[in-house]
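# A closer look at the structure
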Amino acid sequence: MSGAGPSPCYLDYNATAPVRPVVIEAIAAALGSVGNPSSAHDFGRAARRAMEQARASVAALVAARADAVLFTSGGTEANNQVLAGVQGSCLVSAVEHASVLEAAPDAGRLPVDAFGRVDLEQLEHCLTATQPALISVMFANNETGVVQPVAEVAGLARRHGALVHCDAVQAAGKIGVDLYALGVDFLTLSAHKLGGPQGIGALVLGDGIEPRALLRGGGQERRWRPGTENLPGIVGFGRACELALEDRDFAARIRKLRDRLEAEIRAVAPGAPIYGAGAERLPNTSCISMPGVSNQTQLIALDLEGIAISTGSACSSGKVGPSHVLAAMGIEPAEAASAIRVSLGWASTDADIDRLVAAWTRLFTKAGRVHAGAAWLRHSPAP
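In this convention, every chain numbers its residues from 1, walking through the sequence in written order. Given that the model is predicted, a residue must reach a pLDDT of at least 70 before its local features are reported, and side-chain atom pairs must reach 80 or more before they are shown or counted; all residues, however, enter totals for whole chains, interfaces and linings. Derived side-chain values reflect all non-hydrogen atoms in the structure, with water molecules and hydrogen atoms excluded from consideration.

## Considering the nonpolar core
Burial of nonpolar side chains together is a common tendency in soluble globular proteins. What counts, and what does not: Residues belong to a common nonpolar core when they are buried Ala, Val, Leu, Ile, Met, Phe, Trp, Tyr or Cys residues joined through side-chain atoms within 4.5 Å. Accessible area is worked out with a 1.4 Å probe on protein chains only. A residue is then buried under 20% of its type maximum, exposed over 50%, and partly exposed in between. By definition, residues are in contact when any of their heavy atoms lie within 4.5 Å.
Among the nonpolar cores identified, the biggest contains 68 residues, and Ile-135, Leu-187 and Leu-189 are the most heavily contacted of them. Not counting chain neighbours up to four residues away, the residues in contact with Leu-189 comprise Val-58, Val-62, Gly-74, Gly-75, Ala-168, Val-169, Ala-172, Gly-201, Ala-202, Val-204 and Phe-237.

## A word on the sheet that holds strand β3 (residues 90-93)
Keep this limit in mind: Paired strands are those between which DSSP finds at least two bridges. For the purposes of this entry, the term helix denotes a DSSP run of H or I that reaches at least four residues, the term strand denotes a run of E that reaches at least two, and both are numbered from the N terminus. Every axis in this analysis is a line fitted to C-alpha atoms, fitted for helices over the stretch in contact. Angles between the N-to-C directions lie between 0 and 180 degrees.
A sheet is described by the order of its strands in space; here seven strands give the open sequence β2-β8-β7-β6-β5-β3-β4, paired in mixed fashion. Pairing within the sheet leaves two strands with one partner each, and these edge strands are β2 (69-72) and β4 (108-110). The mean angle between the axes of side-by-side strands here comes to 20 degrees, regardless of whether they run parallel or antiparallel. With four bridges connecting them, β2 and strand β8 (residues 201-205) associate as antiparallel partners. Paired with Thr-72 across the bridge in β8 is Gly-201. Lying over the sheet, helix α2 (residues 42-61) contacts β2, β7 (186-190) and β8, oriented at roughly 110 degrees with respect to β2.

## Description of the pattern of salt bridges
This is how the line gets drawn: Salt bridges are counted wherever a side-chain nitrogen of Lys or Arg sits within 4 Å of a carboxyl oxygen of Asp or Glu.
Within this structure, the stated rule accounts for 19 salt bridges. Between Arg-117 and Asp-113 there is a salt bridge whose closest N-O contact spans 3.0 Å. Residue Arg-117 is classed as partly exposed on the basis of its relative accessible area of 26%. By relative accessible area, Asp-113 is classed as partly exposed at 26%.

## A short note on the state of the cysteines
We count it as follows: Two cysteine sulfurs form a disulfide in these notes if their separation is within 2.5 Å.
All told, the structure shown has zero disulfides when counted by the stated rule. Of the cysteine sulfurs around Cys-126, a residue in no disulfide, the closest is that of Cys-90, at 12 Å. With relative accessibility at 15%, the residue Cys-126 sits in the buried group. With no disulfide of its own, Cys-166 lies closest to Cys-90 among cysteine sulfurs, the gap being 15 Å. Judged by its relative accessible area of 0%, Cys-166 is buried.

## Brief notes about the side chain of Gln-81
Within the secondary structure layout, Gln-81 lies in helix α3 (residues 75-84). Look past the residues within four positions of Gln-81 in its chain and what remains in contact with it is Leu-70, Thr-72, Leu-203, Pro-211, Arg-212, Ala-213, Leu-214 and Trp-224.

## Description of the packing of helix α10 (residues 295-304) against helix α13 (residues 350-366)
Note the threshold: Any angle that falls under 35 degrees is termed roughly parallel, while one over 145 is termed roughly antiparallel, one within 65 to 115 roughly perpendicular, and all others oblique. Helix crossings get a hand from a simple test, with the near helix turned counterclockwise from the far one by less than a right angle marking a left-handed crossing and a clockwise turn marking a right-handed one.
Taken N-terminus to C-terminus, the directions of α10 and α13 make an angle of 130 degrees; their axes are 10 Å apart at the nearest point. Put simply, α10 runs oblique to α13. With respect to the hand of their crossing, α10 and α13 are arranged in right-handed fashion. Contacts from Gln-298, Ala-301 and Leu-302 of α10 reach α13 at Leu-356, Ala-359, Trp-360 and Leu-363.

## Quick look at the packing of aromatic side chains
Geometry of an aromatic ring pair is reported as the spacing of the ring centres plus the angle between the planes. Formally: Aromatic contacts are taken between Phe, Tyr and Trp rings whose centres are within 6.5 Å, Trp giving its six-membered ring; a plane angle under 30 degrees counts as stacked, one over 60 as edge-to-face, and the others as tilted.
Overall, the coordinates contain three aromatic pairs when judged by the stated rule. Note on Trp-360 and Phe-364: the rings are 5.3 Å apart at their centroids and 10 degrees apart in plane angle, and the pair reads as stacked. Remark: Phe-364 and Trp-360 occur in helix α13; sequence separation between them is four residues, near one turn of the helix.

## Digging into unusual backbone geometry
Here the phi dihedral of Glu-221 falls at roughly 50 degrees; this positive angle occurs in a residue that is not glycine. Within the secondary structure layout, Glu-221 lies in the loop between β8 and α8 (231-246). Notably, Arg-222 is not glycine yet its phi reads approximately 55 degrees, a positive angle. Relative to the elements of secondary structure, Arg-222 occurs in the loop between β8 and α8.

## Details of the pairing of strand β11 (residues 339-343)
Within β11, five of the five residues are buried, which leaves the element mostly enclosed by the surrounding structure. Along β11, one buried face is formed by Ala-339, Arg-341 and Ser-343 and the opposite face, lined by Ile-340 and Val-342, is buried too. Examined bridge by bridge, strand β9 (residues 285-289) and β11 share five bridges and lie antiparallel to one another. Directly across from Ile-288, in β11, lies its bridge partner Ile-340.

In structure tokens:
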């Protein structure tokens, strides 16, 4: 923020996380050096070593081999590379990120339950009926944080001869992700969701998988993604992955903050909808509704107090309409239009929760809802 307003309280990590200071130092060092990783001289070899060290660090975050990591400009490019290469039909969950849904406009849509989880019985029916070449199911939803049964999806897909793509952009660095334990063929990552720089991501490949190249014109990344590598971004990505692996207490610490936020919100508004709360979720994400108060009103009011939250995916900026994620979960449009997303991260503190709860309570009280009780509030479904 600029100007003389209140000090910033950033709670929009699912849109982009602040770059960790150590990562900035690593990026600056890379920017201060010279050398193309494809050059044969000493400067080029040094650049190549730095890139391969970062590749190994990215691979380690998802328990993969280093040679399985293909660097891209981010999660959107990686998702498009997978979907563009499908030879045959595909199925995608109804709650996928726009970079999957719009890259596969003709794909079949897999329904989800009231928590936003893929319906495995419906999946098996669709596999039998359509025999798709690829299934795309995200690891964790960017709006609700709900975790999908990816390993079970992959098991069903294998029995029907389908490949599996998993967008793990929101999950990696927040909860454990293991490429081989999941049994997927493609895994998408993005640095800026876990304290790395924007503009760099990766497609991680399962055994024996070769993606289709979207670009032509060079031998970089085994010709699967030609073009001079973004070395500072790659180095920053690698360092962010190393820090995520080192921060073993992250999930417990952030879950404690998230749970306190939700408990205090519900103390103010008993029964307030917290979408996906009965399912396994990322430890940092809350999707909360204040019925009768639009999410745009909440966003503006909180922003005026220096608090940054979101009304949904940052990639939906400029679009008017209800969340496709909440719609797929069966949430009525009027209720969905009052939902905000709060997402925490590596620099979040108890003081941030204090400020948000106080501001949310003031807005709730001002809206005249404080004495309405649970009658106007939709209870979350039982697990």
